[in-house]
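Breakdown of the fold
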Amino acid sequence: MRQFSVSTTRREEFLDITAEVAAILRDIERESGPAEGAVLVYSPHTTAGITINEGADPDVRRDMLAHLAKLVPCDPGFRHAEGNSDAHIKTSLMGPSQLVPVTGGRLKLGTWQKIYCCEFDGPRRRTVLVQFLPSGSGAGEGG
Amino acid sequence: MRQFSVSTTRREEFLDITAEVAAILRDIERESGPAEGAVLVYSPHTTAGITINEGADPDVRRDMLAHLAKLVPCDPGFRHAEGNSDAHIKTSLMGPSQLVPVTGGRLKLGTWQKIYCCEFDGPRRRTVLVQFLPSGSGAGEGG
Amino acid sequence: MRQFSVSTTRREEFLDITAEVAAILRDIERESGPAEGAVLVYSPHTTAGITINEGADPDVRRDMLAHLAKLVPCDPGFRHAEGNSDAHIKTSLMGPSQLVPVTGGRLKLGTWQKIYCCEFDGPRRRTVLVQFLPSGSGAGEGG
């Protein structure tokens, strides 16, 4: 398993981590040849998740964050004393991880897809875990 | 890695792709014997996701789509010029992929579960990527 | 593949299943040595999902359930005759499964993370499927 860290700069932010994940895949390729399988991108945090969405127009990320804030406002009715229950809920809505197919050692993201670390309670230093899962030399190949 | 394409016929639609995924597993079985592991069903799009939910009563899908449209309406306040930010948000809420356990070469879906391609900005031609991940001959077997 | 069952005691509940998943990993380790890879924790149900979130303060779970009930109320406008469309929608929002990285035979959950079975239409007996996916002896190791 591998990992890297990122620093977020605001309370809420979608941080593009595609280059970091791609760099880890290149390391694996140097050591073991072209990877076939999928790569798990995992946030070990409870107020930061991982999603995959559009990377071309930054307004998409802004609209996503603004609408998530509308759906899950910082509600004074929340009981959790730390006051960041909204961040916990948004993290589960986005999910703590994403699994991206890999073929020929490359992420098989769609043309417009980028991988984002979704910060909902920053700014903080965040760790992202990366685990490669091979499709194996038997079943799953040949397609 | 394998893939197939589907055509959606409306702006928003949950399209049952269980048969397509099962057919790919049968291909893998013919080539490599019964598969043990899990199958990644991945949408390389940013306005179409993948979910798993009930297949028996089509009203469940209708209720899901109608309620998602209430939660994330086509808001005139969105900044993204293409005007489909709602579709991007719904895609991240459902997720771009699902991972389904496989044993004896068969999808281990529950009795009522079907795999859906969630179209949020159709009608379009959509690609679905399928990557099989084996549980290996060692760890993970024997259970 | 392995599985275990849990009993929920309310209509809506986040049930901590981390110990059950960890016990299965210990079984795998006894049989095959320390596992490297990831473990798929999968709900074969359409009104119960899986999420990962904070385990320290039970108020977080209460806030999450209360806010999900606000986002997706038991709407009399739903068409599905069983009257539990809200449970289906919440299940897709949380997701039917989570994939947790494993290294040295241990779940690589963050300090505050626990794995939850999210009951949205209980009380019921629920099954959880667990499939281990190894990172392989080649690619993915060494990091």
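Summarised in this report is the structure supplied together with it. (Residues numbered from 1 in each chain as written. Chains lettered and ligands numbered in written order. Predicted model: local features only at pLDDT ≥ 70, side-chain atom pairs only at ≥ 80, totals over all residues. Heavy atoms only, no water.)

Considerations on the relation of the copies chain C and chain A
Taken together, a rotation about one axis and a shift along it account for how the two chain copies relate. It takes a turn of 120 degrees to lay chain C on chain A, together with a shift of 0.0 Å along the axis; the resulting RMSD is 0.0 Å. The two molecules are tied by a three-fold rotation axis, judged by turn and shift. Looking at the rotation axis and the C-alpha trace of chain C, the residue lying nearest is Leu93 of chain C, at 3.4 Å. Here only 12% of the contact residues of chain C are again contact residues in chain A; the copies associate through non-equivalent surfaces. (Least-squares fit on C-alpha atoms with pLDDT ≥ 70 in both. Contact = heavy atoms within 4.5 Å.)

Description of the interface of chain B and chain C
Contact residues are listed per partner, giving 41 residues for chain B and 33 residues for chain C. Buried surface at the junction of chain B and chain C, summed over both partners, amounts to about 2900 Å²; 58% is from carbon and sulfur atoms. Looking only at chain B, the three residues that lose the most surface to chain C are Asp63, His67 and Leu99 of chain B, adding up to 19% of its buried area. At the surface where chain B touches chain C, the tally comes to one salt bridge. At the boundary of chain B and chain C, one finds 13 residue pairs in polar contact (both at pLDDT 80 or more). The set of elements that each furnish at least two residues to the side of chain B that touches chain C consists of strand 3 (37-42), strand 4 (48-54), helix 2 (58-71), helix 3 (85-94), strand 5 (97-103) and strand 8 (125-134) of chain B. A per-element tally of the side of chain B that touches chain C places helix 2 of chain B first, with nine residues. (Buried area = accessible area lost by both parts, 1.4 Å probe. Salt bridge = Lys/Arg side-chain N within 4 Å of Asp/Glu carboxyl O. Polar contact = N/O pair within 3.5 Å; in protein donor to acceptor, adjacent residues only side chain to side chain. Helix = DSSP H or I, 4+ residues; strand = E, 2+ residues; numbered from the N terminus.)

Digging into the sheet that holds strand 7 (residues 113-119) of chain A
All names here are of chain A. An order of 2-7-4 is seen for the three strands of this open sheet, with the pairing classed as antiparallel. Lying at the two open borders of the sheet, with one neighbouring strand each, are strand 2 (13-16) and strand 4 (48-54). Ignoring strand direction, the axes of neighbouring strands in this sheet form an average angle of 35 degrees. By the bridge criterion, seven bridges tie strand 4 to strand 7 in an arrangement that is antiparallel. (Pairing = 2+ DSSP bridges. Axes fitted to C-alpha atoms, helices over the stretch in contact; angles between N-to-C directions.)

Observations concerning the relation of the copies chain B and chain C
Once chain B has been moved 0.0 Å along the axis and rotated by 120 degrees, it coincides with chain C to within an RMSD of 0.0 Å. Different-surface contact between copies: only 12% of interface residues of chain B are shared with the interface of chain C.

Looking at the pattern of salt bridges
Residues and elements named next belong to chain B. Under the defined criterion, the tally for this structure stands at 36 salt bridges over all chains. Notably, a salt bridge pairs Glu31 with Arg2, separated by 3.2 Å at the nearest N-O pair. Pair noted here: Glu31 is in helix 1 (residues 18-32) and Arg2 is in strand 1 (residues 2-7), with a separation of 29 residues, a long-range link. Judged by its relative accessible area of 11%, Arg2 is buried. As a salt-bridge pair, Asp27 and Arg30 come within 2.5 Å of each other at their nearest N and O atoms. On the criterion of helical spacing, the pair formed by Asp27 and Arg30 is a turn pair, its members being three residues apart in helix 1. Owing to a relative accessible area of 29%, Asp27 belongs among the partly exposed residues under this scheme. With relative accessibility at 65%, the residue Arg30 sits in the exposed group. (Buried < 20%, exposed > 50% of the residue type's maximum accessible area, 1.4 Å probe, protein only.)

Structural notes on helix 2 of chain B
An ideal rise of 1.5 Å per residue puts 20 Å on 14 residues; helix 2 of chain B measures up with 20 Å between its terminal C-alpha atoms. Backbone nitrogen of Asp59 of chain B and a side-chain oxygen of the N-cap are separated by 2.8 Å at the start of helix 2 of chain B; the cap is Asp57 of chain B. (Expected span 1.5 Å × (residues − 1).)

As for the interface of chain C and chain A
Each partner contributes residues to the interface: chain C has 41 residues there, and chain A has 33 residues. In total, about 2900 Å² of surface goes out of reach between chain C and chain A, with carbon and sulfur atoms giving 58% of it. Three residues, Asp63, His67 and Leu99 of chain C, lead the burial of chain C against chain A; their summed loss comes to 19% of the area buried on that side. Inspection of the region where chain C meets chain A yields one salt bridge. A salt bridge links Arg79 of chain A to Asp59 of chain C, with the shortest nitrogen-to-oxygen separation between them at 3.6 Å. Here chain C is connected to chain A by 13 residue pairs in polar contact (both at pLDDT 80 or more). Of all the secondary-structure elements, those providing two or more residues to the side of chain C that touches chain A are strand 3 (37-42), strand 4 (48-54), helix 2 (58-71), helix 3 (85-94), strand 5 (97-103) and strand 8 (125-134) of chain C. The residue makeup of the side of chain C that touches chain A, split by class, is 17 nonpolar, 15 polar and nine charged. (Nonpolar A, V, L, I, M, F, W, Y, C, P; charged D, E, K, R; others polar.)

Describing the packing of helix 3 (residues 85-94) of chain A against helix 2 of chain C
Viewed as axis vectors pointing N to C, helix 3 of chain A and helix 2 of chain C meet at an angle of 65 degrees, and their least axial separation amounts to 9 Å. When the interaxial angle is binned, helix 3 of chain A and helix 2 of chain C end up roughly perpendicular. Handedness of the helix 3 of chain A/helix 2 of chain C crossing: right-handed. Contact residues: helix 3 of chain A offers Ser85, His88, Ile89, Ser92 and Leu93 of chain A, while helix 2 of chain C offers Val60, Asp63, Met64, His67 and Leu68 of chain C. (Parallel < 35°, antiparallel > 145°, perpendicular 65-115°, else oblique. Left-handed = near helix turned anticlockwise from the far one by under 90°.)

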